[in-house]
Each structure stands twice: as C-alpha cells, then as structure tokens.
Protein chains: 2
Amino acid sequence: MTISLEPIGWVRREEGTPTSPDELASRPARIELAPRFREGLSRISPGDELLVLFWMDRADRGRLLVHPRGDVRRPLRGVFATRSPHRPNPIGATTVRVIRVDQERGILEVEGLDALDGTPVLDLKATDPHFDRGAP
Amino acid sequence: MTISLEPIGWVRREEGTPTSPDELASRPARIELAPRFREGLSRISPGDELLVLFWMDRADRGRLLVHPRGDVRRPLRGVFATRSPHRPNPIGATTVRVIRVDQERGILEVEGLDALDGTPVLDLKATDPHFDRGAP
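None of these values were measured; they are calculated from a predicted model.

(A) Structural context of the overall build of chain A. A tally of regular secondary structure across chain A gives 1 helix and 9 strands. The order of α-helices and β-strands along chain A, N terminus first, is β-β-α-β-β-β-β-β-β-β. Against the 2.2 N^0.38 benchmark of 14 Å for 136 residues, chain A shows a C-alpha radius of gyration of 16 Å, consistent with a compact globule. C-alpha atoms of chain A, sized along the principal axes, occupy 50 × 40 × 30 Å. Expressed as a percentage of its 136 residues, the buried residues of chain A come to 43%. Restricting the contact set of chain A to residue pairs at least 6 apart, pairs at least 24 apart contribute 69%.

(B) Highlighting the sheet that holds strand β7 (residues 91–102) of chain B. All names here are of chain B. With antiparallel pairing, the 6 strands of this closed barrel are ordered in space as β2-β3-β8-β7-β4-β9. Across the sheet, the mean angle from the axis of one strand to that of its neighbour is 45 degrees, orientation sign disregarded. With 7 bridges joining them, strand β4 (residues 49–55) and β7 adopt antiparallel strand pairing. If you follow F54 over to β7, its bridge partner there is G92.

(C) View of unusual backbone geometry. Residues and elements named next belong to chain A. Positive phi values are uncommon outside glycine, yet R69 reaches one of about 50 degrees. Looking at where R69 falls in the secondary structure, it is placed in the loop between β5 (65–66) and β6 (77–78). Of the residues examined, R69 has 10 C-beta atoms within 10 Å and is grouped as exposed.

(D) Quick peek at the interface of chain B and chain A. In this assembly, 48 residues from chain B lie in contact with 48 residues from chain A. Put simply, the parts of the chain that give the side of chain B that touches chain A at least two residues each are β1 (3–5), β4, β6 (77–78), β7 and β9 (120–126) of chain B. With 6 residues, β9(B) is the largest single contributor of residues to the side of chain B that touches chain A. Each residue belonging to the side of chain B that touches chain A can be placed in one class, and the counts come to 25 nonpolar, 11 polar and 12 charged. Bridge count between strand β1 (residues 3–5) of chain A and β1(B): 3 bridges; the pairing is antiparallel. In the sheet register, S4(A) faces β1(B), and the bridge partner there is S4(B).

(E) Here's a closer look at the sheet that holds strand β8 (residues 107–111) of chain A. Taking strand neighbours around the barrel as the criterion, the 6 strands line up as β2-β3-β8-β7-β4-β9 (chain A) in a closed arrangement whose pairing is antiparallel. On average, each strand axis in the sheet is inclined to that of its neighbour by 45 degrees, with strand direction left out of account.

What counts and how
Residues numbered from 1 in each chain as written. Chains lettered and ligands numbered in written order. Predicted model: local features only at pLDDT ≥ 70, side-chain atom pairs only at ≥ 80, totals over all residues. Helix = DSSP H or I, 4+ residues; strand = E, 2+ residues; numbered from the N terminus. Rg over C-alpha atoms; globule rule 2.2 N^0.38 Å. Buried ≥ 20, exposed ≤ 12 C-beta atoms within 10 Å, placed from the backbone. Contact = placed C-beta atoms within 7 Å. Pairing = 2+ DSSP bridges. Axes fitted to C-alpha atoms, helices over the stretch in contact; angles between N-to-C directions. Nonpolar A, V, L, I, M, F, W, Y, C, P; charged D, E, K, R; others polar.

Take a look at the structure:
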C-alpha cells in the first residue's frame, strides 16, 4: 500500500540562514502556499498557534535506531522514541505562532518553525486540547 | 511533485467500537507495526507520551472550507484553521499515552487515539517541548 501526498506549499528562508534546528526555530519563516490551496487559510489570524506538518526531504528513511541528537555517547534508541528527522516517513511536526497572514498571496509568516528552506509543507492545523498535549 | 509514504502499521479496534472521535479516544487502541519497522519501538515504555501520525483514509481531500465539527450553524473556516479530517493531505496528529509495548510482536496499546479500525499509521514520535506546545 502506497500513500501519495502533494505539498500544499513550501518553506522559504532568507539566504544564509543557519541550518541547526535551534537557529531555524529562532528566526521567522515564511510558508508560501500553492495558489489552489490558499482558500484554506481563511480565518487564520496573527497570534494563532498552528501545528505545521512538513516533509523532511533531506532525511535518511532507512534508519530504525538513532543516537538522540546525533550524540554517539548516548545509547541507541528506536526512532519512534525520538524526534530524529531520520525515520521511515520523515514528516516533521512543529507547533508555531502566526505572525502575519496574506491569504490573497498565500503567505504565512510564522515563528518557531525548525524547517529548512525549500521544505515541502503537507498540512496546517489549529492546535486543540483534544489532540495536542497542553494546547489551550 | 508527489511524495510517497508507506504505512509503518495499522490501528486495530475491537469490533463494534463506536466511531465518534470522542468515543474512539476514550477507549484503548492497538497499533500493530509491520515486521520490518518493529525495531523502531526500542526504548518505548508504558507511560510514555507519543505523537501518532496517521492517514485518515476515509477523508474527503477536496475540501478547503468546512463548518467546524460539521455544525452548519457555525461559519465556514479554512481547513487549515481547523482539525477537520477533510483536508488536502489528511494526516491525523494525536498525542497518546502508551499502556503496553510488545516490541517483539510489534504491538503498542495506547489511550487517547481518535483513529478508526484499519487506519494506516505513518509515524510515532516522542513528545518534546522544542516541538510540541506544552510538552514536558
């Protein structure tokens, strides 16, 4: 069984942005939606929290055991017990804060996103206490 | 650009389990991993919190505007401002609690999962305050 996804948009970063997860998350990022998905941004406002699902297209999909944070002094763990980007279906999931929305041009500016420039975006969701730990 | 995913496993429910999200989340569920992904469960323990990503294979992928919770008295919102299962890439994301793990047989029992019987599972991740709102 194979499941097919099409990106709804892409992450855009300023040239020269450092690529460590912490550096990425500390700088605002832009998400540009493909034209046919822009209507889905309706009623998103600055200040909203969103869960962003994205496709970590530079990940190694063959690993099942990893050293947490790539630190070989830490014992190997199953990938499903970690947040390693390297996993069979490398879907990133990060909660961000919306800074700006331009629905007409399909642009969201967010803070807290640890995704590289050019990363395909798969989905955006409102946070909700029924599904997310600790959401308001 | 098309992205291909392969399920790592499937959700199994007792026959006759009610199918509303609240009823599903209130009953334990079993996740059965395909044999070749079982090693990825290493070091998951009862009591752990996991973010489960799953493929909502009965969703309508053509909608961009929805009435929240299907209530037509509530104004239409962009799907990306909701948790509706109906969205272009219908990936469910729910934080669950692990009740039991059998790594050898590839079985996880969890509570809090709002997924139907037979739902393909795409990924499991440790919760982490760097990525998830309010994680410990």
